[in-house]
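# Descriptive analysis of the structure
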Amino acid sequence: EAGVAQSPRYKIIEKRQSVAFWCNPISGHATLYWYQQILGQGPKLLIQFQNNGVVDDSQLPKDRFSAERLKGVDSTLKIQPAKLEDSAVYLCASRQIGQSNYGYTFGSGTRLTVV
Amino acid sequence: QQPVQSPQAVILREGEDAVINCSSSKALYSVHWYRQKHGEAPVFLMILLKGGEQKGHEKISASFNEKKQQSSLYLTASQLSYSGTYFCGTANSNSGYALNFGKGTSLLVTP
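An account of the accompanying structure is given in this report.

Here is what the cut-offs are and how they apply
Residues numbered from 1 in each chain as written. Chains lettered and ligands numbered in written order. Predicted model: local features only at pLDDT ≥ 70, side-chain atom pairs only at ≥ 80, totals over all residues. Heavy atoms only, no water. Contact = heavy atoms within 4.5 Å. Buried area = accessible area lost by both parts, 1.4 Å probe. Polar contact = N/O pair within 3.5 Å; in protein donor to acceptor, adjacent residues only side chain to side chain. Helix = DSSP H or I, 4+ residues; strand = E, 2+ residues; numbered from the N terminus. Buried < 20%, exposed > 50% of the residue type's maximum accessible area, 1.4 Å probe, protein only. Pairing = 2+ DSSP bridges. Salt bridge = Lys/Arg side-chain N within 4 Å of Asp/Glu carboxyl O. Phe/Tyr/Trp six-rings, centres within 6.5 Å; stacked < 30°, edge-to-face > 60°.

## Examining the interface of chain A and chain B
Facing 23 residues of chain A, the contacting portion of chain B comprises 18 residues. Buried surface at the junction of chain A and chain B, both sides included, amounts to about 1,600 Å², of which 55% is carbon and sulfur. Among the residues of chain A in contact with chain B, A:Asn101, A:Tyr104 and A:Phe106 are the three that bury the most area, contributing 28% of the side total. Connecting chain A to chain B are 6 residue pairs in polar contact (both at pLDDT 80 or more). Put simply, the parts of the chain that give the side of chain A that touches chain B at least two residues each are β4 (31-37), β5 (44-50), β6 (53-56) and β9 (88-95) of chain A. Ranked by the residues each element gives to the side of chain A that touches chain B, the list is headed by β4(A), at 3 residues.

## As for the environment of B:Leu107
Residues and elements named next belong to chain B. When you line up the elements, Leu107 lands in strand β11 (residues 105-110). What makes Leu107 buried here is its relative accessible area of 2%. A sequence separation of 75 residues divides Leu107 from His32, and the C-alpha atoms of the two residues are 17 Å apart. Contact partners of Leu107, with chain neighbours within four places excluded, come to Val10, Leu12, Ala18, Leu75, Tyr82, Ser83, Gly84 and Tyr86.

## Observations regarding the pairing of strand β11 (residues 110-114) of chain A
Residue and element names in this part refer to chain A. Residues Thr110, Leu112 and Val114 point to one face of β11 and are all buried, whereas Arg111 and Thr113, pointing to the other face, are not buried. Where strand β2 (residues 10-13) lies against β11, 4 bridges are found, and the strand directions are parallel. Bridge assignment links Ile13 to a residue of β11, and that residue is Val114. When β9 meets β11, the two strands line up antiparallel, connected through 3 bridges.

## Thoughts on the pattern of salt bridges
Residues and elements named next belong to chain A. Tallied over the full model, the rule gives 2 salt bridges over all chains. Asp57 is paired through a salt bridge with Lys62; the nearest N and O atoms lie 3.7 Å apart. Asp57 gets classed as partly exposed once you look at its relative accessible area, which sits at 26%. Among the salt bridges present, the one from Arg64 reaches Asp86, with a minimum N-O distance of 2.5 Å. Of this pair, Arg64 sits in the loop between β6 and β7 (65-68) while Asp86 sits in the loop between β8 (75-79) and β9; the two residues are 22 residues apart in sequence, bridging distant segments of the chain.

## Focus: the packing of aromatic side chains
Under the criterion given, the structure shown has 13 aromatic pairs over all chains. Aromatic side chains A:Tyr35 and A:Tyr104 sit 6.4 Å apart centroid to centroid with 45° between the ring planes, which places their arrangement in the tilted category. Pair noted here: A:Tyr35 is in strand β4 and A:Tyr104 is in the loop between β9 and β10 (105-106), with a separation of 69 residues, a long-range link. Given the relative accessible area of 2%, A:Tyr104 is considered buried. Measuring from centroid to centroid gives 5.7 Å for A:Phe106 and B:Tyr34, while their planes differ by 85°, and the two rings are edge-to-face. In this pair, A:Phe106 is assigned in strand β10 and B:Tyr34 in strand β4 (residues 30-36), connecting two distinct chains.

## Let's talk about unusual backbone geometry
Residues and elements named next belong to chain A. Cis geometry is adopted by the peptide bond preceding Pro8, which originates at Ser7 and carries an omega value of -5°. Structurally, Pro8 is set in the loop between β1 (5-7) and β2. Cis geometry marks the peptide bond from Gln80 to Pro81; its omega dihedral reads -5°. Among the structural elements, Pro81 can be located in the loop between β8 and β9. At Arg16, a position not held by glycine, the phi torsion is positive, near 80°. Note on placement: Arg16 falls in the loop between β2 and β3 (19-24).

## What to know about the pairing of strand β5 (residues 43-49) of chain B
Residues and elements named next belong to chain B. Burial runs high along β5: 5 of the 7 residues are buried. Two elements, β4 and β5, share 6 bridges in a ladder whose sense is antiparallel. Opposite Ser30, over in β5, you have Leu49 as the bridge partner. In this structure, the hairpin formed by β4 and β5 is closed by a connection of 6 residues, where Gly39 is found at a positive phi of approximately 80°.

Next comes the structure, spelled out in C-alpha cells:
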C-alpha cells in the first residue's frame, strides 16, 4: 500500500512569512496526526484529527498555527506568521480507527527552516 | 505527559547487546517503539499493551511492566542496521488519544 505522502520535503522562509504543509494519509486511515520534531528531540503532537473532526489540539499554538482536514482525507498545516523557533521537521502520521493495537505510519516529513 | 527514556546515547560494537528503557509517571495503557534513521521518518517496531506482555521481532524484543509503568527494548547481537534513534511513545488510556513520545535514545553500532 502507498505510504503517507507529505510535501514539500524542505522549506526555507524568513520569519514573519507564512508557510503551508500538505499531508495525504494512507487510504482508509481515519485518524491523522501532525507532530513537530525539533532537532534532537522526540515528536511533539500538534493536532489529531479523526475523519474531519479535531480530537486534540491542546498543544497547537493557535495564535499562529492552523490545520484543517477537509473531507476527512488530506490535511494542511499552516503557520502564519512564522518564528525562528518554528524551525523543525513537521511529521504527519496516520492510523486506522479501531486499530489501537497497530502503530502509526509516518510520512517523510517537511523540514522547515525559518531564517 | 512525556515519558522518560534512558540512556540518552549508546555506542556498541557489532554483536553486542543493548537495553533502552522508557518510564512514565502516569499509568500506561500501551507503549510503542519506533526507530528513526537520520533524515528519515520514524518506523514502527512494536506495540505492547498493559498486561506485562513481552514481544519480539527477530533480535529485537520488548517488555512492558504495567506496575512499574515502564517498558524496555532489548537489542540482541546488534547489527550495523540497528543504528538510529529509538523512541518510545506512550498512551495513558484506550481513549484514542495520540501518543506522547520520549526524547529518544541514540544508538550507534560500529564494526
